[in-house]
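Secondary and tertiary structure notes
Given next are the chains, with one letter for each unit.
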Amino acid sequence: MTGLFDGVLDRGPVAGATGDTAWLQALLDVEAALAHALADTGRLARDRAESIAAACAADRYDPAALGRAAAGGGNPVIPLVEELTGRVRALDPDAARHVHRGATSQDVLDTAAMLVARRAGGALLADLRGLADELRDLAAAHRDTPMAGRTLLQQALPTTFGAVAAGWANGLAEAADQLDRVLTGRLAVQLGGAVGTLASLGEDGPGVTAALAARLDLADPVLPWHTERGRIAELASALGRICGAAGTAAQDVVLLAQTEVGELVEDGGPGVGGSSTLPHKRNPVAAVSALACARQAPGLVANLLAAQIQEHQRAAGGWHAEWLPLTDLFRRTGGAVAWLRTSASRLRVVPGRMRANLGLTGGLALSERVTTDLAPELGRTEAHHLVADACRESAASGRDLADVLTARLAGVRTRERVLELLDPSGYLGAAAVFTDRVTGGRTGRGAATAPGPGPEPDGGGVPGGPCVSRAPGAGTGTGGPEAHAAPAPGGTPRAHGPAEAPGHDPRPGPEDTDRENNGGRTHER
């Protein structure tokens, strides 16, 4: 399945576990296990089972040729069994008569699908759990790094980047748990013969099924599931959920890396993230690629769910419609997770830009806090109207909300109290608590703060502002009070941003220094 787009869409270990060779070997593993199961139940001599198993090596077959031959009977098992029988006949003519005994093509392909799912799913789970763990480290590193929370793409209340990364990690971890439950509890052998009765095996049919399940370490189902496709639906749902969690994180990274936002940077080094025409570009290509993979999942899941409706004892087309969507869904899910893990390893967080963006509204994002503070004295309704009027005046006049509120609340609140209420770092709610629930209170990697007096390069013009923090694995620290932006003396929290110095652009530019602690080596970027 190598192609022009595979470098982008088939990243990670899952691609190899779902390729033509992987599928072919799974089909042959089922045929070998079936022969052994027949021997285990006394229906075939052991040496003949060994002769069949000896011919079940994928490297002896041509997947492309089998695919072309599949057109004759409607599935690739038919030409595979024919070729396998010929190879066994050359070794042991008597054994050749027992190849594929008792099974139908769907039995072999469905059981092979369970093997592919287990193998690919195991690789996916390892990658997914590694990603979730790295995002927990990122969350711990930025437990107390304030940033704007956004709803409907607009600034709402402050939150922390730690809480955002913890949300990514938790969503992925829970999706991993769901896939794990499917892989450990819902993968079952398929053996039913032509119409699900195993008539050709007589009274030994259930025993052979049990022996086959034991050989392949799959569940022994209550009965054949030729047209009851719940297992496929559960796999599809679990994979779709992973893509949803991965896509959500990737979408956030892409949005936060926009030039106008600049709160995250994917730093992949020279030549990574460039443009074919624009020399200055540094695109978040890993997050973009993760998103490209994840966005394909809904259609693939829908195809698999639509194929649930099948006819009588064996489907006419519905079963066939599952093969590629299931394979592609595994591959796209694996690609989404692998790319997001790459993105996480490249991420450079820009706390100064987060502070600057918090100041863009001139304090409006903290209006709820002012209302809450005034409500015990003025009543909730009056406090709400007072603050709403102040917000409208601030927006219309261009004055900072702190100035408007100071005038309107003369004798009720001091200017110092108003400034305190409008400090984003003081209105983060339970963000730290929720982050700790996900991280387990671990000490995150990557939040080292550069020492030294004066403004840091990304500090948004705020003296003493923290330096750019690191991707997971670069330095140590948990963030903390130093990550909070304090109001400038005599000013408002809006002083974090461009309003503090007219014409000042708080975004880090090429001349900015990004100090990293990487394996004990400090270097400049």
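Conventions adopted
- Residues numbered from 1 in each chain as written.
- Predicted model: local features only at pLDDT ≥ 70, side-chain atom pairs only at ≥ 80, totals over all residues.
- Heavy atoms only, no water.
- Helix = DSSP H or I, 4+ residues; strand = E, 2+ residues; numbered from the N terminus.
- Buried < 20%, exposed > 50% of the residue type's maximum accessible area, 1.4 Å probe, protein only.
- Contact = heavy atoms within 4.5 Å.
- Areas by Shrake-Rupley, 256 points an atom, 1.4 Å probe, with all protein chains shown as cover.
- Polar contact = N/O pair within 3.5 Å; in protein donor to acceptor, adjacent residues only side chain to side chain.
- Salt bridge = Lys/Arg side-chain N within 4 Å of Asp/Glu carboxyl O.
- Phe/Tyr/Trp six-rings, centres within 6.5 Å; stacked < 30°, edge-to-face > 60°.
- Lys NZ or Arg CZ within 6 Å of the ring centre and 35° of its normal.
- Core = buried A, V, L, I, M, F, W, Y, C linked by side-chain atoms within 4.5 Å.
- Expected span 1.5 Å × (residues − 1).
- Pairing = 2+ DSSP bridges.
- pLDDT = per-residue confidence, 0-100.
- Axes fitted to C-alpha atoms, helices over the stretch in contact; angles between N-to-C directions.
- Parallel < 35°, antiparallel > 145°, perpendicular 65-115°, else oblique.
- Left-handed = near helix turned anticlockwise from the far one by under 90°.
- Nonpolar A, V, L, I, M, F, W, Y, C, P; charged D, E, K, R; others polar.

Focus on the overall build of the protein chain
A count of helical and extended segments in the protein chain gives 20 helices and six strands. Residue burial in the protein chain is summarised as follows: out of 525 residues, 52% are buried. In the protein chain, of all internal contacts separated by at least 6 residues, the share reaching a separation of at least 24 is 77%. As presented, the protein chain carries roughly 22100 Å² of accessible surface, and 55% of it is formed by carbon and sulfur atoms.

Focus on the side chain of Asp373
The residue Asp373 is located in helix 16 (residues 367-378) in this model. At a separation of 2.7 Å, a polar atom in the side chain of Asp373 contacts the side chain of Arg413. A distance of 2.7 Å separates a polar atom in the side chain of Asp373 from a polar atom in the side chain of Arg417. Leaving out residues up to four positions away in the same chain, Asp373 has contacts with Arg413, Arg417 and Leu421.

Focus on the side chain of Asn75
If you trace the backbone, Asn75 turns up in the loop between helix 5 (63-73) and helix 6 (77-91). A polar contact of 2.9 Å, which involves the side chain of Asn75, links it to the backbone nitrogen of Val77. When near neighbours in sequence (up to four residues on either side) are disregarded, Asn75 contacts Ala70, Ser105, Trp319 and Trp323.

Some details on the pattern of salt bridges
For the coordinates displayed, the defined rule picks out 30 salt bridges. Across the pair Arg229 and Asp110 runs a salt bridge whose closest N-O atoms are separated by 2.9 Å. One end of the pair, Arg229, is in the loop between helix 10 (205-216) and helix 11 (230-256); the other, Asp110, is in helix 8 (residues 105-141), with 119 residues separating them in the sequence. Grouping residues by exposure puts Arg229 and Asp110 together as buried. One salt bridge connects Glu263 with Arg150, and the closest N-O pair in it is separated by 2.8 Å. With Glu263 in the loop between helix 11 and strand 3 (264-266) and Arg150 in strand 1 (residues 146-151), the pair connects residues that are 113 residues apart, well separated along the chain. The buried category is assigned to Glu263, whose relative accessible area is 0%. When salt bridges that share partners are traced, they join Asp373, Glu377, Arg413, Arg417 and Glu420 into one network.

Here's the deal with helix 12 (residues 285-294)
Across the 10 residues that make up helix 12, a large majority, seven, are buried. Looking at helix 12, one finds that the buried residues are Ala286, Ala287, Ser289, Ala290, Leu291, Cys293 and Ala294. Contacts made by the buried residues of helix 12 are with helix 1 (6-9), helix 11, strand 3, helix 13 (297-306) and helix 14 (323-346).

Some details on the packing of aromatic side chains
Under the criterion given, the structure shown has two aromatic pairs. Between Phe161 and Trp168, the ring centres sit 5.8 Å apart and the planes meet at 85 degrees, which makes this aromatic pair edge-to-face. Looking at Trp168, the relative accessible area reads 5%, which means it is buried. Plain terms: the ring middles of Trp319 and Trp323 are 5.1 Å apart, the flat faces sit at 85 degrees to each other, and that makes the pair edge-to-face. The exposure class assigned to Trp319 is buried, which follows from its relative accessible area of 3%. Taking NZ or CZ as reference, Arg11 lies 4.0 Å from the ring centre of Trp339, over its face. The ring of Tyr61 is capped by Arg87, whose NZ or CZ atom sits 4.9 Å from the centre of that ring.

Some points on the nonpolar core
Ranked by internal contacts, the top residues of the largest apolar core, which has 115 residues, are Phe161, Trp168, Leu179, Leu235 and Leu264. If sequence neighbours within four positions are ignored, Trp168 has contacts with Leu135, Phe161, Ala249, Asp252, Val253, Leu264 and Leu347. By size, the runner-up hydrophobic cluster in this structure holds 18 residues, among which are Leu366, Ala390, Val404 and Leu409.

Some words on helix 3 (residues 20-40)
For helix 3, with 21 residues, the first-to-last C-alpha span of 30 Å sits near the 30 Å given by 1.5 Å per residue. Most of helix 3 is tucked away: 16 of the 21 residues are buried. Backbone geometry just after helix 3 places Gly42 at a positive phi near 80 degrees.

Notes on the pairing of strand 1
Note that strand 1 and strand 2 (residues 154-160) share five bridges and pair antiparallel. Bridge pairing links Arg150 to Gln155 in strand 2.

Section: the confidence of the model for the protein chain
Confidence in the prediction for the protein chain averages 86 pLDDT; 82% of positions are at 70 or higher. Contacts from residues 446-525, a stretch scored under 50 in pLDDT, to residues over four places away or in other chains number 182 contacts.

Looking at the packing of helix 12 against helix 14
Contact geometry for helix 12 and helix 14: axes closest at 8 Å, N-to-C directions at 160 degrees. By the angle class used here, helix 12 and helix 14 are roughly antiparallel. The hand of the helix 12/helix 14 crossing is left-handed. Side by side, helix 12 and helix 14 meet where Val285, Ala286, Ala287, Ser289, Ala290, Cys293 and Ala294 of the first sit next to Arg332, Gly335, Ala336, Trp339, Leu340, Thr342, Ser343 and Arg346 of the second. In terms of residue class, the contact of helix 12 with helix 14 is built from nine nonpolar, four polar and two charged.

With respect to the environment of Arg46
Along the chain, the position of Arg46 falls in helix 4 (residues 46-54). Under the relative-accessibility criterion, Arg46 is labelled partly exposed at 37%. When the C-alpha atoms of Arg46 and Ala35 are compared, they prove to be 8.7 Å apart, with 11 residues separating the residues in sequence. Setting aside anything within four residues of it in sequence, one finds Arg46 in contact with His36, Ala39, Asp40 and Arg215.

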